[in-house]
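An overview of the molecular structure
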Amino acid sequence: TLVAEQLKLVEGDRSIVTLGEKANPSLYWMESLWEVAGEAQKFARYFGGNVPKHVAKYQWDMVFGSKVVYKLLYATSEEKQLNGAVKPAYGAFKRALGLMGSTSTSVVKAMGLGELWHKLNIDRLTTLFRALTSKRDYLRMAAKASLYGESKWEGSSAGILGVEQC
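Below you will find a few notes about this structure.

Parameters and conventions
- Residues numbered from 1 in each chain as written.
- Predicted model: local features only at pLDDT ≥ 70, side-chain atom pairs only at ≥ 80, totals over all residues.
- Heavy atoms only, no water.
- Core = buried A, V, L, I, M, F, W, Y, C linked by side-chain atoms within 4.5 Å.
- Buried < 20%, exposed > 50% of the residue type's maximum accessible area, 1.4 Å probe, protein only.
- Helix = DSSP H or I, 4+ residues; strand = E, 2+ residues; numbered from the N terminus.
- Contact = heavy atoms within 4.5 Å.
- Salt bridge = Lys/Arg side-chain N within 4 Å of Asp/Glu carboxyl O.
- 1 Å grid on protein atoms, 1.4 Å probe; cavity = no way out; pocket = protein on both sides within 12 Å on 5 of 7 lines; lining within 4 Å.
- Points joined across faces, edges and corners; volume = space filled by probe spheres on them.
- Expected span 1.5 Å × (residues − 1).
- Bend = angle between axes of the 7 residues up to and from the residue.
- Axes fitted to C-alpha atoms, helices over the stretch in contact; angles between N-to-C directions.
- Parallel < 35°, antiparallel > 145°, perpendicular 65-115°, else oblique.
- Nonpolar A, V, L, I, M, F, W, Y, C, P; charged D, E, K, R; others polar.

1. Quick word on the nonpolar core
Counting 30 residues, the largest nonpolar core has Phe47, Trp60, Phe64, Val68, Leu72, Leu82 and Phe93 as its most contacted members. The set of elements that each furnish at least two residues to this core consists of helix H1 (30-48), helix H2 (53-72), helix H3 (79-96) and helix H5 (117-132). Looking at this core, the element that brings in the most residues is H3, giving eight residues. In contact with Trp60, other than residues within four places in its own chain, are Phe47, Gly65, Ala89, Tyr90, Phe93, Gly114, Glu115 and Leu116.

Have a look at this one:
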């Protein structure tokens, strides 16, 4: 038998969890960034303890990095926002690796330590390519439509992947 379920009314700027991510009609993604900032605080406390270097690197790459990517994979955010959200954890991570607090973050990221922005964008691009090459027609068509809509929205003389802010 079918059971009718009462749907609750939610304001447009309030997010609800849909398929594991917080979504809302206003496309307001700050809640996801706040969750990342909360995780960063937890990991900052964790890295503040006596954590061996190899464990700190593993925890950053496999646990913290995965949590950040999962929460922001479909969210619209800028590199500056991401860096601001993870700043407490990143400082503690550098100290856990035995680096001075004054060590340039750009240099540390250039060495591949704790770099999240490119990891996030690589995962976003991989997700798009998987959708574009899917055997499921509806998924492939939805990905093509999304890419087409984005190219129309950005509307420039360059291809969509060549536009600076994309």
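Here the narrative resumes, following the displayed structure.
2. Quick word on the pattern of salt bridges
One side chain can pair with another of opposite charge once the charged atoms of both are near each other. In total, this model carries six salt bridges according to the counting rule given. With its nearest N and O atoms 3.2 Å apart, the salt bridge here joins Glu35 to Lys71. Pair noted here: Glu35 is in helix H1 and Lys71 is in helix H2, with a separation of 36 residues, a long-range link. Look at Glu35 and you get partly exposed, because its relative accessible area is 27%. Assessed through its relative accessible area of 25%, Lys71 is described here as partly exposed. Note that Lys119 and Asp123 form a salt bridge whose closest N and O atoms lie 4.0 Å from each other. Remark: Asp123 and Lys119 occur in helix H5; sequence separation between them is four residues, near one turn of the helix. A single network of salt bridges, built from pairs that share partners, joins Glu39, Lys42 and Lys67.

3. Let's talk about the layout of surface pockets
Roughly 170 Å³ of volume is contained in the second largest pocket. Forming the boundary of the second largest pocket are Asn83, Val86, Lys87, Tyr90, Gly91, Lys94, Arg95, Gly101, Thr105 and Lys109. Top element by residues in the lining of the second largest pocket is H3. It accounts for seven residues.

4. Details of H2
Compared with an ideal rise of 1.5 Å per residue, which puts 20 residues at 28 Å, H2 spans 27 Å between its outermost C-alpha atoms and is within 8% of the ideal. Along H2, the sharpest change in direction is near 35 degrees and occurs at Trp60. What H2 keeps buried is the set Ala56, Gln59, Trp60, Phe64, Gly65, Val68, Val69 and Leu72. Contacts made by the buried residues of H2 are with H1, H3 and H5.

5. So, the packing of H1 against H2
At their nearest, the axes of H1 and H2 sit 10 Å apart, and the two run at 170 degrees to each other. Taken as axis vectors, H1 and H2 run roughly antiparallel relative to one another. Side by side, H1 and H2 meet where Ser32, Leu33, Glu35, Val36, Glu39, Ala40, Phe43, Tyr46 and Phe47 of the first sit next to Val55, Ala56, Gln59, Trp60, Val63, Phe64, Lys67, Val68, Lys71 and Leu72 of the second.

6. As for H1
Its 19 residues give H1 an end-to-end C-alpha distance of 26 Å, which sits within 8% of 27 Å, the value for a rise of 1.5 Å per residue. Among all positions of H1, only Glu31, Ser32, Leu33, Val36, Glu39, Ala40, Phe43, Ala44 and Phe47 are buried.

7. Focus on the environment of Phe47
You can see Phe47 is positioned in helix H1. In contact with Phe47, not counting residues within four places along its chain, are Ala56, Gln59, Trp60, Ala89, Ala92, Phe93 and Ala96.

8. Points about the packing of H1 against H3
Working note: a packed helix pair is described by the angle between its axes plus the distance between those axes. The contact between H1 and H3 brings their axes to 8 Å, and the two run at 10 degrees. Taken together, the axis directions place H1 and H3 in an arrangement best described as roughly parallel. Across the interface between the two elements, Met30, Leu33, Val36, Ala37, Ala40, Gln41, Phe43, Ala44 and Phe47 from H1 touch Gln81, Leu82, Ala85, Val86, Pro88, Ala89, Ala92, Phe93 and Ala96 from H3. Looking at the contact of H1 with H3 residue by residue, the class counts come to 16 nonpolar, two polar and no charged.

Shape is all these values report; function is a separate question.
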